[in-house]
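These are the residues of each chain, in order.
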Amino acid sequence: MKSFLKKYVDKFTHAFCGLFHGLRHDRSITLQFLNGAGVIAVCCCLKLSVLEWVVIMAMILMVISAEFINSALEECCDKLFPQYDERAKKIKDYSAAAVLLLSILAAMVGIYVIGGKWI
C-alpha cells in the first residue's frame with residue numbers, strides 16, 4: 001500500500017506531466033500560454049500594484065486552465081466519437097465557448113488594468 005506522502009507526490013507528478021505535455025503538444029494551450037507570457041512581459045514594464053498583479057495572473061491562469069479543460073474534452077470526444085457526431089460537436093462547441101467567454105473577460109480586465117497605467 002502506498003504511503004500518504006507517496007500518493008501526494010504522485011498526484012503532483014501527474015499534474016506536472018499533464019502541464020508539460022499540454023504545453024508541448026497542444027497548439028491552443030501553447031498559444032494561450034504565449035499570450036499570457038506576452039501580457040506578463042507588458043506588465044513587467046508597468047508599475048502594477050500587488051493586487052493588480054494578482055488579478056492579471058489569476059486571469060491568465062484561468063484562461064490557460066480553461067484551455068486545458070477544453071482540450072481534454074476534445075480528446076475525450078475524439079475517442080468516444082471517432083466519426084463525426086453532432087453530440088461531440090455540441091460538447092466541443094460548448095467548451096470552446098467557455099474558453100472564449102473567459103478570454104473576453106480576461107481581455108476586459110487586462111484593458112482596465114493595463115490601459116489605466118497608460119492613460
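Residues numbered from 1 in each chain as written. Predicted model: local features only at pLDDT ≥ 70, side-chain atom pairs only at ≥ 80, totals over all residues. Heavy atoms only, no water.

A. Representation of the nonpolar core. Judged by nonpolar contacts, the single largest core of 15 residues is most densely connected at Cys43, Leu48, Ile56, Met59, Leu102 and Val113. Counting only elements with at least two residues in this core, the list comes to helix H3 (50–80) and helix H4 (86–118). When near neighbours in sequence (up to four residues on either side) are disregarded, leucine 102 contacts Met59, Met62, Val63 and Ala66. (Core = buried A, V, L, I, M, F, W, Y, C linked by side-chain atoms within 4.5 Å. Buried < 20%, exposed > 50% of the residue type's maximum accessible area, 1.4 Å probe, protein only. Helix = DSSP H or I, 4+ residues; strand = E, 2+ residues; numbered from the N terminus. Contact = heavy atoms within 4.5 Å.)

B. Expanded view of the packing of helix H1 (residues 4–25) against helix H2 (residues 27–44). Relative orientation of the contacting elements H1 and H2 amounts to 95°, with a least axis distance of 6 Å. In terms of orientation, H1 and H2 fall into the roughly perpendicular class. Facing Gly22, Leu23 and His25 of H1, the residues of H2 in contact are Arg27, Ile29, Thr30 and Phe33. (Axes fitted to C-alpha atoms, helices over the stretch in contact; angles between N-to-C directions. Parallel < 35°, antiparallel > 145°, perpendicular 65-115°, else oblique.)

C. View of the packing of H3 against H4. Put simply, H3 and H4 touch, their axes get as near as 9 Å, and they point 165° apart. By the angle between their directions, the pair H3 and H4 is classed as roughly antiparallel. The chirality of how H3 crosses H4 is left-handed. Within the contact of H3 with H4, the residues separate by chemical class into 17 nonpolar, 4 polar and 6 charged. (Left-handed = near helix turned anticlockwise from the far one by under 90°. Nonpolar A, V, L, I, M, F, W, Y, C, P; charged D, E, K, R; others polar.)

Functional significance is not addressed by these values, which are geometric in nature.
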